[in-house]
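Geometric and topological summary
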Amino acid sequence: MTDMQKNIRTLLKESTGRKALLLYIFAAVIALTGLIMYYAAALTLNALFAGIGNMYVSLIALACAFGAAAGIFLFNSIFNGIRLDMEDRFMETLEQTMDEQNQEELYPLMDDAVHFQMEGIMQSGVLLIRDIIRIIIVTVLDYRCALIMVPGFVIHEFLFKKMAEKKIVSAEKFVLDLHLIPQAVLAIVLSAVLIFALFEMKNGRLGLYGVIMMLFMFMDLVRDHAHQSYEILGLRKDLRSLELLDTYMSGSPLPVYEENETVCDDSKPYIMKAVSFAALTICIIMYVYAVCSILGYRSELPLRWAAVMMIASSLAASVCHAYAERGLAEKKEHILLRKAASGVVSLISLLYALRVNALLAGILASAFAADQILVPLILDRSAAPYETRTDERIRGLVHMICLTLIIFAGVMLYWNAMASFAQVLMISALYMAVYMQLDGKGFASEKQESTDER
């Protein structure tokens, strides 16, 4: 990175003052509130298995979950407002350094500089805060699991940084290495922690609520890190835009910079992505089977076999995802094919849920419809050109409400002898697994992106 690029970053950083610190504080608050939500859900399921006196204990915990969902929406709204203020301030700061006659021509480059600062620098800080909070929670639940998680994360972050900073000779090779090597390590680390948590539970050192909470946390963690990996190639392109701003500020003629992206109509990457989603869902199902096996459900899969299949399916998911992203490198994704890839896992999960419990499967189908149909419709109607985080705020609220309603329905069916604890746990985990992989973007936002010029 050139000195001028560093100067541009310093200029943007100084323009926000305390807002960056405020953004990080709210990121921590949102992460903690989400963990409260998952703790309430796990505690409800734990109380359900324990068969505590009556269902009011579960209903109180679910009321806390609804409160946490409302808190997440509120804090996300404030967080999004701070983001938008920072983006506007960044753009104003850059505009002040440009001649008015060149501002329109340089706007795409300034937009890239803002994107690099927000999705690169700031988002990396937000993700680091969330990871630290998750590690702390795992340590509180079982410090032995943290002894596996901490060094594993250090290795993953080191490899990710090395891969992200590699010289790009081929976009396909760069994307493959970035997604395959660090993500495979992450899959092994998280699988190892979850498997070790199962053995800790079997030995009586970790409660059922802790095992469930770790599962929910790690699914969010995988989703966050997948988003980070997806952004890297775009951020590397942003650095080229910073080089052009460097050229402009040094007084040299501005070179022509054109970038043409074609739409990927080849079905192979989307098939690989669907296979990756299915393999990751299988890993979650194996985990639930192992939990039920420890709890004494005779028909479930033995713990050791479940552990082996968890590792195999998580690694398969990482490899398939890496090759899918390689096929999509430097190409715009086909909207319908992308949505079909994420929809495959919804259909498979729904069919499996029908086998588990038809009533709970119907509730699960309603949750899928909310995530796949309702949220995109809301985004299409309320899409603003620059509000890139509106979808996360709306999706987060709908997700928390759906998870709470699924568990609430499971509680009611359980106390009416229409569903077992194992069935309620399986449906809840299936919903979390599908949400982790759903494509929630609206069609309007896609049309907006297709008209943008870098």
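In this report, we go over the structure that sits alongside the text. (Residues numbered from 1 in each chain as written. Predicted model: local features only at pLDDT ≥ 70, side-chain atom pairs only at ≥ 80, totals over all residues. Heavy atoms only, no water.)

Within the chain, the secondary structure is distributed over 14 helices and 2 strands. Counting the 454 residues in the chain, one finds 52% classified as buried. The contacts of the chain with a sequence gap of at least 6 include a subset with a gap of at least 24, amounting to 83%. Accessible surface for the chain amounts to roughly 20400 Å². Of this, 63% is attributable to carbon and sulfur atoms. (Helix = DSSP H or I, 4+ residues; strand = E, 2+ residues; numbered from the N terminus. Buried < 20%, exposed > 50% of the residue type's maximum accessible area, 1.4 Å probe, protein only. Contact = heavy atoms within 4.5 Å. Areas by Shrake-Rupley, 256 points an atom, 1.4 Å probe, with all protein chains shown as cover.)

Turning next to the packing of helix 2 (residues 19-50) against helix 3 (residues 56-96). To characterise two packed helices, one gives the angle between the axes of the helices and the distance between these axes. Following both chains from N to C, one finds helix 2 and helix 3 inclined at 160°, their axes separated by 8 Å at the closest point. In terms of orientation, helix 2 lies roughly antiparallel with respect to helix 3. Between helix 2 and helix 3 the crossing geometry is left-handed. Along the lines of polarity and charge, the residues of the contact of helix 2 with helix 3 split into 24 nonpolar, 6 polar and 3 charged. (Axes fitted to C-alpha atoms, helices over the stretch in contact; angles between N-to-C directions. Parallel < 35°, antiparallel > 145°, perpendicular 65-115°, else oblique. Left-handed = near helix turned anticlockwise from the far one by under 90°. Nonpolar A, V, L, I, M, F, W, Y, C, P; charged D, E, K, R; others polar.)

Moving on, we come to the pattern of salt bridges. Note that side chains of opposite charge can pair when their charged atoms are close. Per the counting criterion, the structure on display carries 15 salt bridges. Across the pair R83 and E119 runs a salt bridge, and its minimum N-O distance is 3.0 Å. Taken together, the positions of R83 in helix 3 and E119 in helix 4 (residues 100-141) put the pair 36 residues apart, joining distant regions of the chain. Assigned by exposure class, R83 and E119 land together as buried. Between D177 and K166 there is a salt bridge, with its nearest N and O atoms 2.7 Å apart. Here D177 is found in helix 6 (residues 171-202), whereas its partner K166 is found in the loop between helix 5 (143-164) and helix 6, with 11 residues between them in sequence. Overall, the relative accessible area of 28% leaves K166 in the partly exposed class. When salt bridges that share partners are traced, they join R130, D131, R134 and D224 into one network. (Salt bridge = Lys/Arg side-chain N within 4 Å of Asp/Glu carboxyl O.)

Ranked by internal contacts, the top residues of the largest apolar core, which has 98 residues, are M214 and Y431. By residue number, the principal contributor to this core is helix 13 (residues 421-437), which donates 14 residues. One finds L109, A113, L244 and Y248 within the second-largest nonpolar core, a separate group that totals 38 residues. (Core = buried A, V, L, I, M, F, W, Y, C linked by side-chain atoms within 4.5 Å.)

So, about the packing of aromatic side chains. The full count for this structure, using the stated rule, is 6 aromatic pairs. Where Y39 meets Y209, the ring centres are 5.9 Å apart and the plane angle is 85°; that geometry is what we call edge-to-face. Of this pair, Y39 sits in helix 2 while Y209 sits in helix 7 (residues 208-249); the two residues are 170 residues apart in sequence, bridging distant segments of the chain. Residue Y209 is classed as partly exposed on the basis of its relative accessible area, which comes to 31%. (Phe/Tyr/Trp six-rings, centres within 6.5 Å; stacked < 30°, edge-to-face > 60°.)

Quick look at a nonpolar patch on the surface now. Taken together, the side chains of F66, I401, L405 and F408 present a nonpolar region at the surface, about 310 Å² in accessible area. Here the nonpolar patch takes 3 residues from helix 12 (residues 390-415), the largest share from any one element. Tracing the chain through its elements places F408 in helix 12. With a relative accessible area of 33%, F408 lands in the partly exposed category. (Patch = residues over 30% accessible without salt bridge, like charges linked within 9 Å, V, L, I, M, F, W, Y side chains within 5 Å.)

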